[in-house]
Amino acid sequence: MMYKEAVARYLGRSHNTNIYPKAILFDMDGVLFDSMPYHADSWHTVMERYGLHLSREEAFLHEGRTGAATINIVYRRQYGRDADPELIKQIYAEKSEEFARHPEPERMPGAWELIRKVKACGLTPVLVTGSGQTTLLERLAHSYPDTFDRAHMVTAFDVKYGKPNPEPYLMGLAKAGVAAYEAMVVENAPIGVQAGVAAGIFTVAVNTGPLDGQVLLDAGANLLFPSMQAFCDQWEQVFQALTE
Ligand code: CA
């Protein structure tokens, strides 16, 4: 069965003999919220305001990076150097304002049902996001009640490097008090998948955006689902493959 093979491949590379899942580390945008189209649109609009060219499509490729990292990739491409920190702050503040002008993002279909299932299996949900979007972080408590307390959240405010560096997921493990082989990651972006894999964690990719699913496998995803609903529907089988 393909889930067992995926687990065997993970174990072979990580030199662990088993996975004992105790925590599940969720990315936020594109995993818990159907918010990525609004982010991509906000990035494009505000960057253009500053003469910086980032298409909506490219914004999806940078998904998961910190705001500063995204701005600097484009700035360096055009000017050959990093942007001034004050400019970065200004652009990111305007991008956050622009995002807030969009409708409130809906819960990703299947995400709430999945969270209830993972909790029933005794796993602790942890949030690991590169986002510093305060409106969305506040909304998290309403959309996912009694799920992510502040002690189990890693956001843009906690990290130095951000994804694709393993740092945010290593911090997530530390906050949950578990080792890599006691956790799993749920990600939708190539850079986020890279971060989860680099942290040594079994990483499930859900392709909720416009990219070809192959980019998520190329990034190292252990499993790939076409949606959160599809992952949710298969949860019991995946969990069984992880734990037997
Ligand atoms: Ca994401």
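Because the structure is predicted, anything quoted here is derived from the model rather than measured.

A. Broad picture of the coordination of the calcium ion. Around the calcium ion, the donor atoms from the protein are Asp-27 (OD), Asp-29 (O), Glu-63 (OE) and Asn-188 (OD1), and they sit 2.1 to 2.3 Å away. In the primary sequence, the donor residues of the calcium ion line up as D-x1-D-x33-E-x124-N. With Asp-29 in the loop between β1 (23–26) and α2 (36–49) and Asn-188 in the loop between β4 (183–187) and α9 (190–198), this residue pair connects regions lying 159 residues apart in the sequence.

B. Representation of the side chain of Arg-139 within the structure. Positionally, Arg-139 belongs in helix α7 (residues 134–143). Since its relative accessible area comes to 18%, Arg-139 is described here as buried. Within the local environment of Arg-139, its side chain forms a polar contact with the backbone oxygen of Pro-105, the two atoms lying 2.8 Å apart. Excluding its chain neighbours within four sequence positions, the residues that come into contact with Arg-139 are Phe-33, Glu-104, Pro-105 and Glu-106.

C. Spatial organisation of the pattern of salt bridges. One pass over the structure, following the stated rule, counts 14 salt bridges. A salt bridge links Arg-49 to Glu-98, with the shortest nitrogen-to-oxygen separation between them at 3.3 Å. Taken together, the residues Arg-49 in helix α2 and Glu-98 in helix α5 (residues 85–100) connect sequence positions 49 residues apart. For Arg-49, a relative accessible area of 46% corresponds to the partly exposed category. A relative accessible area of 11% places Glu-98 in the buried class. As a salt-bridge pair, Asp-82 and Arg-76 come within 2.5 Å of each other at their nearest N and O atoms.

So, how was this worked out
Residues numbered from 1 in each chain as written. Predicted model: local features only at pLDDT ≥ 70, side-chain atom pairs only at ≥ 80, totals over all residues. Heavy atoms only, no water. Donors = N, O, S within 2.8 Å, 3.2 Å for Na, K, Ca; no water. Helix = DSSP H or I, 4+ residues; strand = E, 2+ residues; numbered from the N terminus. Buried < 20%, exposed > 50% of the residue type's maximum accessible area, 1.4 Å probe, protein only. Polar contact = N/O pair within 3.5 Å; in protein donor to acceptor, adjacent residues only side chain to side chain. Contact = heavy atoms within 4.5 Å. Salt bridge = Lys/Arg side-chain N within 4 Å of Asp/Glu carboxyl O.

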